[in-house]
Amino acid sequence: YHTLQTRLIQAASPHTEATSTHYYPNLTDDACKAPKDSVVLSAYSTMDLVDKDPDEDDPWNLPELQDTGLKWSELDAKGKVMRVLTSIVKFILLVGFLYMFVCSLDVLSSAFQLVGGKAAGDIFQDNAVLSNPVAGLVIGVLVTVLVQSSSTSSSIVVSMVSSGLLEVQSAVPVIMGANIGTSVTNTIVAMMQAGDRNEFRRAFAGATVHDFFNWLSVLILLPLEAATGVLYKLTKIVIDSFNIQGGDNAPDLLNVITDPLTSAIIELDKTVISDIATGDPAARNKSLIKIWCKTEKITTLLNITVPSAANCTTGVPCWEEGNKTWTQINATETINLERCNHIFAYANLPDLAVGLILLALSLLILCTCLILIVKLLNSMLKGQVAVVIKKVLNTDFPFPFGWVTGYIAILVGAGMTFIVQSSSVFTSAITPLVGIGVISLERAYPLTLGSNIGTTTTAILAAMAAPGETLANSLQIALCHFFFNIAGILLWYPIPFTRIPIRLARALGNRTANYRWFAAIYLLLCFFLMPLTILGLSLAGWQALVGVAVPIVVLAIFIIIVNLMQTRCPRYLPSRLRNWDFLPRPLHSMAPWDGVVMSGMAFCGTRCCCCCKCCQKTEDEEKGGKERKKSQEMYDNPALTRDDEPLEAPKETVKATQL
């Protein structure tokens, strides 16, 4: 009898003696102890299986995509035929949705250019501001975010350098900013996966690891470039050392496939933005929407009058007739031959209206395609297919060649980006795969680094096709972009403990999974508010920029150091700084802000729409389901009470003890 009681007590708590004396005061110590020769069976409890959920313990573990259907060997002939046909249909749908996804990214870029392209050209016009490296950096970020294409912003910089409006050394920070701005696209794509918490955690981390790599590289290399001009000097040596001849442009592999659809929706005259940046006053009145797709330029000699013979160009006929001096100039006239066939060619709408229409349309198609792609991948990547794909993508080479795997992933990322000619397309395509758990964050990081290299090689080939008079400058800017990314990889990849972007992205993923509204705050802060603030301070003068930026930077460094010391060596800190509890709670916790946001969403759900109610209902149902599952497993078993809940002695046992 006493042995049975002891077993019940041991199952209820690991601290047998303490529990027996506290909850069973009528039992003596001798009674509570089992005889030495008795065998105490193990307490079989399902609570450990419930509490130790692998997804809750480590949400970064890749989920197992298990096949819930019948095995291939269990299917009859009809079932096998249907499974093959279903797989073929799913694959065709996946390719179709992926095609629409890429096309929507192209249309999204066109929409951003229509909305903010002329503003981007105006930003580039102020050469005095561009001479400031910090201002040049944020201008590169803002312009690339506005036009959604680092290639477009880089081509504007090349045009300004070729026309003599901007020096190559001043253009290097702008190229760094363009490298940062191009990562906004996959961050937007990651926000479309906010429905599932763990999926959003992984997807947002997979997208923002690109951001952290770019920002950390800039924090190191921008001051170094401003102080020493190392990238400018290195690329200058390369240009001067080789007799580089102009070649062919980069091959249009992806555009050949997507142009038939995107050209039927919209076509843009991208030279308008470059003309505005280079100071052409006539470009301000031009529309970015291309109306005439086929034109012909005819150059003729035109007689004009000049004040005197001194104003005549050498080698050009110059004569006097009466009291006037005449000379000849070349006049170029553009003749429109064929009108474009896209849907806005005949629409008499301003650029802003067309841009907003395309922005809404492209975002709708982007979200729809992304959701359908994720669902199709979840249904296709099951069983042996998932096992094979995960092994190929996430398994390292055997020892001692495991370190080679990451560098091969960098080469794969560079090659794939070279094929699709867009780092935004490639990184946006792997972001959903990181979210659903096909690609790990550790493998997505070198793929992203390779994507940075791939987009610069495309720019180098494009620069090689430049005319002879602009070849050197164009190629030098492209090489600056290339060496910037190479230097960043050398800083943040070869040694494992220097892969700080992975740790920062994982921390941000955890934060955004707990507070999903913080993803929008991060996007607005890093790509809009902070660059705009720095640009405004730069326009006010370097004194204002230094006066505001230096205290903020010092405070940020102090907070980072204190946080590190709080987690690793708090004994060296004053007692007041060992935690942030002395500050008001909104300054060291996001819970109060979360309450405000949730209250706003609740108000929106009751007044505006039912979306917030549905989301809240779903979360409540999931939470209730888990609680019901635990309660069913603990039903009628008082020994399986949680350790953190107050234990009560079973009535039958107490009565038996009293007897």
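Source: prediction; values computed, not measured. (Residues numbered from 1 in each chain as written. Predicted model: local features only at pLDDT ≥ 70, side-chain atom pairs only at ≥ 80, totals over all residues. Heavy atoms only, no water.)

What about the overall build of the chain?
Test applied: Secondary structure follows DSSP: runs of H or I at least 4 residues long count as helices, runs of E at least 2 residues long count as strands, and numbering of each begins at the N terminus. When a residue's accessible area, from a 1.4 Å probe over protein chains only, is under 20% of the maximum for its type it is buried; when over 50% it is exposed; and in between it is partly exposed. Residues count as neighbours in contact if any of their non-hydrogen atoms are within 4.5 Å of one another. Accessible surface is estimated by sampling points in the Shrake-Rupley manner with a 1.4 Å probe; for residues, cover comes only from the protein chains shown.
Secondary structure assignment for the chain yields 27 helices and three strands. Taking all 659 residues of the chain together, 38% fall into the buried category. Nonlocal contacts in the chain, meaning residues at least 24 apart in sequence, comprise 74% of its contacts between residues at least 6 apart. When the accessible surface of the chain is split by element, carbon and sulfur atoms take 63% of a total near 36600 Å².

A few points about the state of the cysteines
Operational definition: Pairs of cysteine sulfur atoms within 2.5 Å are identified as disulfides in what follows.
Going through the model one piece at a time under the given rule, you end up with one disulfide. Each sulfur in the disulfide pair cysteine 293 and cysteine 340 lies 1.8 Å from the other. Since a negative S-S torsion denotes a left-handed disulfide, the cysteine 293-cysteine 340 link at about 115° is right-handed. Of this pair, cysteine 293 sits in strand 1 (residues 292–306) while cysteine 340 sits in the loop between strand 3 (324–339) and helix 16 (351–380), and the two are 47 residues apart along the sequence. Residue cysteine 293 is classed as partly exposed on the basis of its relative accessible area, which comes to 37%.

Description of the nonpolar core
If you look at soluble globular proteins, the nonpolar side chains tend to sit buried side by side. Keep this limit in mind: Among the buried residues, those of types Ala, Val, Leu, Ile, Met, Phe, Trp, Tyr and Cys that are joined through side-chain atoms within 4.5 Å form a nonpolar core.
The biggest cluster of nonpolar side chains holds 44 residues, and the ones touching the most others in it are Met176, Tyr445 and Phe527. Discounting residues that sit within four places of it in the chain, phenylalanine 527 has contacts with Val141, Leu142, Val145, Ile180, Ser183, Val184, Thr187, Asp211 and Tyr522. Residues Ala111, Leu114, Leu288 and Ile289 belong to the second largest nonpolar core, which totals 34 residues.

Comments concerning the side chain of aspartate 594
Test applied: For this count, His and the chain ends are skipped, Lys and Arg are scored as positive, and Asp and Glu as negative. For this document, the term salt bridge refers to a Lys or Arg side-chain nitrogen within 4 Å of an Asp or Glu carboxyl oxygen.
Summarising the element assignment, aspartate 594 is placed in helix 25 (residues 591–607). No salt bridge is formed by the buried aspartate 594; its nearest oppositely charged neighbour, arginine 197, is found at 8.0 Å. Discounting residues that sit within four places of it in the chain, aspartate 594 has contacts with Tyr515 and Trp517.

Some remarks on a nonpolar patch on the surface
Going by this rule: A patch is a set of surface residues, each over 30% in relative accessible area and not in a salt bridge, joined within 9 Å for like charges and within 5 Å for the nonpolar side chains Val, Leu, Ile, Met, Phe, Trp and Tyr.
A cluster of nonpolar residues, Val81, Met82, Val84, Leu85, Ile88, Phe91, Ile92 and Val95, forms a patch on the protein surface that exposes about 730 Å² of accessible area. Among the secondary structure elements, isoleucine 88 is positioned in helix 6 (residues 77–125).

Overview of the pairing of strand 2 (residues 318–321)
Stated formally: Think of it this way: DSSP has to see at least two bridges between two strands before they count as a pair.
Summarising the sheet, strand 2 and strand 3 pair through four bridges and their orientation is antiparallel. Each residue of the ladder has a partner; that of glutamate 320, found in strand 3, is threonine 325. Adjacent in sequence and paired antiparallel, strand 2 and strand 3 are bridged by two residues, among which glycine 322 carries a positive phi angle near 70°.

Let's talk about helix 23 (residues 518–540)
Put simply, the rule reads: For a helix, the expected span equals 1.5 Å multiplied by the residue count minus one. Bend at a residue means the angle formed by two fitted axes: the first through the 7 residues ending at that position, the second through the 7 residues beginning there.
The terminal C-alpha atoms of helix 23, which comprises 23 residues, lie 31 Å apart, in line with the 33 Å expected from a rise of 1.5 Å per residue. In helix 23, a bend of some 45° at leucine 525 exceeds every other bend along the element. One or two positions beyond helix 23, positive phi appears at glycine 541, with a value near 120°.

Some details on the packing of helix 11 (residues 184–191) against helix 19 (residues 423–436)
For clarity, the threshold we go by: Note on method: axes are straight lines fitted to C-alpha atoms, helices fitted across the in-contact stretch only, with angles between N-to-C directions ranging 0 to 180 degrees. When describing relative orientation, an angle under 35 degrees is termed roughly parallel and one over 145 degrees roughly antiparallel, while 65 to 115 degrees is termed roughly perpendicular and anything else oblique. By definition, turning the near helix anticlockwise from the far helix through less than a right angle yields a left-handed crossing, and turning it clockwise yields a right-handed one. Residues are grouped as follows: Ala, Val, Leu, Ile, Met, Phe, Trp, Tyr, Cys and Pro are nonpolar; Asp, Glu, Lys and Arg are charged; all remaining types, including Gly, are polar.
Two numbers describe how helix 11 lies on helix 19: the axes approach to 8 Å, and their chain directions differ by 25°. The angle between helix 11 and helix 19 falls in the class roughly parallel. The handedness of the crossing between helix 11 and helix 19 comes out as right-handed. Together, Thr185, Asn186, Val189 and Ala190 of helix 11 and Ser424, Thr427, Ser428 and Thr431 of helix 19 make up the contact between the two elements. Here the residues of the contact of helix 11 with helix 19 sort into two nonpolar, six polar and no charged.

Quick notes on the packing of aromatic side chains
Formally: Between 30 and 60 degrees the pair is tilted, below 30 it is stacked and above 60 it is edge-to-face, where a pair is any two Phe, Tyr or Trp rings, Trp via its six-membered ring, whose centres lie within 6.5 Å. Placement of a positive charge over a ring is assigned whenever Lys NZ or Arg CZ falls within 6 Å of the ring centre and within 35 degrees of the normal to the ring plane.
The full count for this structure, using the stated rule, is nine aromatic pairs. Aromatic side chains phenylalanine 482 and phenylalanine 483 sit 5.4 Å apart centroid to centroid with 70° between the ring planes, which places their arrangement in the edge-to-face category. The class for phenylalanine 482 is partly exposed, based on a relative accessible area of 21%. Within the aromatic cluster, the residues linked to one another by ring pairs are Trp403, Tyr407, Tyr445 and Tyr493. Of note, arginine 339 hangs over the ring of tryptophan 292, and the distance from its end group to the ring centre comes to 5.3 Å. The ring of tyrosine 493 carries arginine 499 above its face, with NZ or CZ at 4.1 Å from the centroid.

Some remarks on the pattern of salt bridges
If you walk through the whole model with that rule in mind, you get one salt bridge. Arginine 506 is the salt-bridge partner of glutamate 442, the closest N and O atoms lying 2.4 Å from each other. Placement of glutamate 442 in helix 20 (residues 441–464) and of arginine 506 in helix 22 (residues 500–514) is noted, with a sequence separation of 64 residues between them.

As for the packing of helix 12 (residues 197–228) against helix 22
The axes of two packed helices give the description: the angle between them and the distance between them. Where helix 12 contacts helix 22, the axes come no closer than 7 Å and their chain directions differ by 140°. In terms of axis orientation, helix 12 runs oblique to helix 22. When the axes of helix 12 and helix 22 are compared, the crossing they make is right-handed. When helix 12 is examined against helix 22, the residues Arg197, Phe200, Arg201, Phe204, Ala205, Thr208, Val209, Phe212, Phe213 and Leu216 are found in contact with a partner set consisting of Ile500, Pro501, Ile502, Leu504, Ala505, Arg506, Leu508, Gly509, Asn510, Thr512, Ala513 and Asn514.

Comments concerning the sheet that holds strand 1
Read across the open sheet, the three strands follow the order 1-3-2; overall the sheet is antiparallel. Each of the sheet's edge strands pairs with one partner strand only, and the pair in question is strand 1 and strand 2. Averaged over all neighbouring strand pairs, the angle between strand axes comes to 40°, with direction disregarded.

Observations concerning the confidence of the model for the chain
The condition is simple: The score called pLDDT rates the predictor's confidence residue by residue, from a low of 0 to a high of 100.
Of the residues in the chain, 75% have a pLDDT of 70 or more, and the chain-wide mean is 75. The low-confidence segment residues 610–615 (pLDDT under 50) makes six contacts with residues lying over four places distant or belonging to another chain. Low pLDDT, under 50, characterises residues 625–659; the predicted model gives this stretch 45 contacts beyond four residues in sequence or across chains.

Some points on the environment of threonine 313
Inspection of the secondary structure assignment puts threonine 313 in the loop between strand 1 and strand 2. In this structure threonine 313 comes out as exposed when scored by relative accessible area, which is 53%.

Some points on helix 12
Note the threshold: As used in this structure description, the phrase polar contact means that two N or O atoms lie within 3.5 Å; if the pair is within protein, one of them must be able to donate a hydrogen and the other to accept it, and residues adjacent in sequence are counted only when both atoms belong to side chains.
For helix 12, spanning 32 residues, the distance from its first C-alpha to its last is 46 Å, which sits close to the expected 46 Å at 1.5 Å a residue. Roughly 30° is the biggest bend found in helix 12, and it falls at valine 218. Along helix 12, 24 of the 32 residues are buried, which leaves the element largely enclosed by surrounding structure. A distance of 3.3 Å separates the backbone nitrogen of asparagine 198 from a side-chain oxygen at the start of helix 12, and that oxygen is part of aspartate 196. Trailing helix 12 by a residue or two, glycine 229 shows a phi angle of about 65°, which is positive.

A closer look at the environment of histidine 210
For histidine 210, the location among the structural elements is in helix 12. A sequence separation of 291 residues divides histidine 210 from proline 501, and the C-alpha atoms of the two residues are 7.8 Å apart. With residues near it in sequence (within four places) discarded, histidine 210 still touches Thr182, Ser183, Asn186, Thr427, Thr448 and Asn452.

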